[in-house]
Amino acid sequence: MKKLIGLLFLLPLLFASCASNKGTVKMIVASQQGDCVGVAPQKCLLVKKGTDTNWTFFYNQIEGFQYEPGYEYVLEVKEEKVENVPADASSLKYILVKEVSKTPAVSEGLPESVKSAVPNYQWGGHVLRIAEENIGRGAAKGKMSVTVLEVLVTSSETDEFKDGDTIHCELVASPKVMPIVGREYVFKAKDMHPAHALGVYMLETDVQDLVR
C-alpha cells in the first residue's frame, strides 16, 4: 500500500516533467542570413531544425533570441500553435527556451545563393609580431592558447581592411606555412571577429604561402 501511495504521489510530477519538454525543438542557426521573400523581400535565418541535415530558410521570428551575424547558434526553442491565424501569417510561433551555444564560425553547406555572399578574407602582409595568447574564460582560463599575429597589410581582397592597415589574426593549429617575424605571406581566414578590442581581428587564419 505504501508503494502504491508513493507511486500516486510521483505520477503528477512525471506528467509535469513530460509536459515541460513538450513542444521544444533543437535548432541550429547559421552564421549568415539569406535573402528571401515573404510578404515582401527580407532577410531570413538559415536553420537546421530537429534532425534536419540541410539548411532551410526560416521565415518566422524566435521570441527572445537576438541574432548576431558571424556566429553559429544551437538553440532550444519552444514551438506553439497559433489560433485564428491571418492568411499571410504562420500557424506556429517560436519562443527561445535556452541558448545552448554561440560559436564564432562560418557555417558550412549553405545554399549556393548564400555562399556567393561569403566574404573572401584573403590578404598579403608583413608579420610584425607573433605572440601566444590565452583566450580561455571562466573554467577554461589558462587552458586555451592560440598564436596571434600582428600583420601589416600589403594587399587585400576584402573591403574590411586595406593596404597599410595593421590587423591581428589567430592562426589555425597547423598552418600550411609557419610564419616568421619580418617576412611577408599570403593569409586566408574563415571569419572576422565582429567587435574585438584590438580592432580588425581575423579568426581561423591559415598561412597560404611565403611572398618574401
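Details of the pattern of salt bridges
Next, step 1: By the definition in use, this model includes nine salt bridges.
Next, step 2: Taking the shortest distance from any N to any O, the salt bridge between Glu 79 and Lys 49 comes out at 2.5 Å. Taken together, the residues Glu 79 in strand β5 (residues 71-81) and Lys 49 in strand β2 (residues 41-49) connect sequence positions 30 residues apart.
Next, step 3: Its relative accessible area of 27% is what places Glu 79 among the partly exposed residues.
Next, step 4: Residue classification places Lys 49 among the partly exposed residues on the basis of a relative accessible area of 26%.
Next, step 5: Between Asp 165 and Lys 162 there is a salt bridge, and its shortest N-O distance comes to 3.4 Å.
Next, step 6: Note on Asp 165: relative accessible area 22%, which makes it partly exposed.
Next, step 7: On the basis of relative accessible area, Lys 162 is assigned to the exposed category, the value being 54%.

Observations concerning the sheet that holds strand β3 (residues 56-58)
Next, step 1: Ordered by their spatial adjacency, six strands build an open sheet running β3-β2-β1-β5-β6-β4, and the pairing between neighbours is mixed. The open sheet has two edge strands, β3 and β4 (62-63), and neither has a second partner.
Next, step 2: Note: β4 against strand β6 (residues 92-104), two bridges, orientation parallel. Note that in β6 the partner of Ile 62 across the bridge is Tyr 94.

Notes on the confidence of the model for the protein
Next, step 1: Taken as a whole, the protein shows an average pLDDT of 82; of its residues, 79% reach a score of 70 or greater.
Next, step 2: No element of the protein has a lower mean pLDDT than helix α1 (residues 2-21), which averages 43, and none a higher one than strand β9 (residues 166-171), which averages 95.
Next, step 3: Scored below 50 in pLDDT, residues 1-21 makes zero contacts in the model with residues more than four places away or belonging to other chains.

Quick look at the sheet that holds strand β7 (residues 122-134)
Next, step 1: In space, the five strands of this closed barrel follow the order β7-β8-β9-β11-β10, with mixed pairing throughout. Going across the sheet, the axis of each strand differs from the next one's by a mean of 50°, ignoring polarity.
Next, step 2: Here three bridges tie β9 to strand β11 (residues 201-210), and the two strands are oriented parallel to one another. Among the inter-strand pairings, Leu 171 is bridged to a residue of β11, identified as Thr 205.

With respect to the packing of aromatic side chains
Next, step 1: Here the structure, examined in full by the defined rule, presents seven aromatic pairs.
Next, step 2: Ring centres of Trp 123 and Phe 161 lie 5.4 Å apart, and the angle between their planes is 90°; on these two criteria the pair is classed as edge-to-face. A residue pair is termed long-range when its members are at least 10 positions apart, and Trp 123 in strand β7 and Phe 161 in the loop between β8 (145-156) and β9 qualify at 38 residues. Phe 161 carries the same exposure label as Trp 123, and that label is buried.
Next, step 3: Note on Trp 123 and Phe 187: the rings are 5.4 Å apart at their centroids and 20° apart in plane angle, and the pair reads as stacked. Of this pair, Trp 123 sits in strand β7 while Phe 187 sits in strand β10 (residues 184-192), and the two are 64 residues apart along the sequence.
Next, step 4: An aromatic cluster is present here, built from Trp 123, Phe 161, Tyr 185 and Phe 187 joined pairwise through their rings.
Next, step 5: A cation over a ring is seen here: Lys 48 above Trp 55, with NZ or CZ 4.6 Å from the ring centre.
Next, step 6: The ring of Tyr 71 has Lys 102 sitting right over it, with the charged end atom 4.6 Å from the ring centre.

Here is what the cut-offs are and how they apply
- Every residue gets a number counted from 1 within its own chain, in the order that chain's sequence is written.
- This being a predicted model, a pLDDT of at least 70 is required before a residue's local features are given, and a value of 80 or more before pairs of side-chain atoms are given or counted; all residues contribute to the totals for chains, interfaces and linings.
- Side-chain measures here rest on the full set of heavy atoms in the structure, leaving out hydrogens and waters.
- Salt bridges are identified by distance alone: a Lys or Arg side-chain nitrogen within 4 Å of an Asp or Glu carboxyl oxygen.
- The numbering of helices and of strands both runs from the N terminus, where a helix is a DSSP run of H or I of at least 4 residues and a strand a run of E of at least 2.
- Throughout this description, buried means an accessible area under 20% of the type-specific maximum (1.4 Å probe, protein chains only), exposed means over 50%, and partly exposed covers the range between.
- At least two DSSP bridges between two strands are required for those strands to pair.
- Summary of the metric used: pLDDT quantifies the predictor's per-residue confidence within the range 0 to 100.
- Here a residue-residue contact requires only that any non-hydrogen atoms of the pair lie within 4.5 Å.
- An axis is simply a line fitted to the C-alpha atoms; with a helix, the fit covers only the stretch in contact. Between two such axes, the angle follows the N-to-C directions and lies from 0 to 180 degrees.
- Within 6.5 Å between ring centres, the rings of Phe, Tyr and Trp (the latter by its six-membered ring) count as paired, and their orientation is classed by plane angle as stacked under 30 degrees, edge-to-face over 60, tilted in between.
- Charges are assigned to positions over rings by a cutoff of 6 Å between ring centre and Lys NZ or Arg CZ, combined with an angular limit of 35 degrees from the ring normal.

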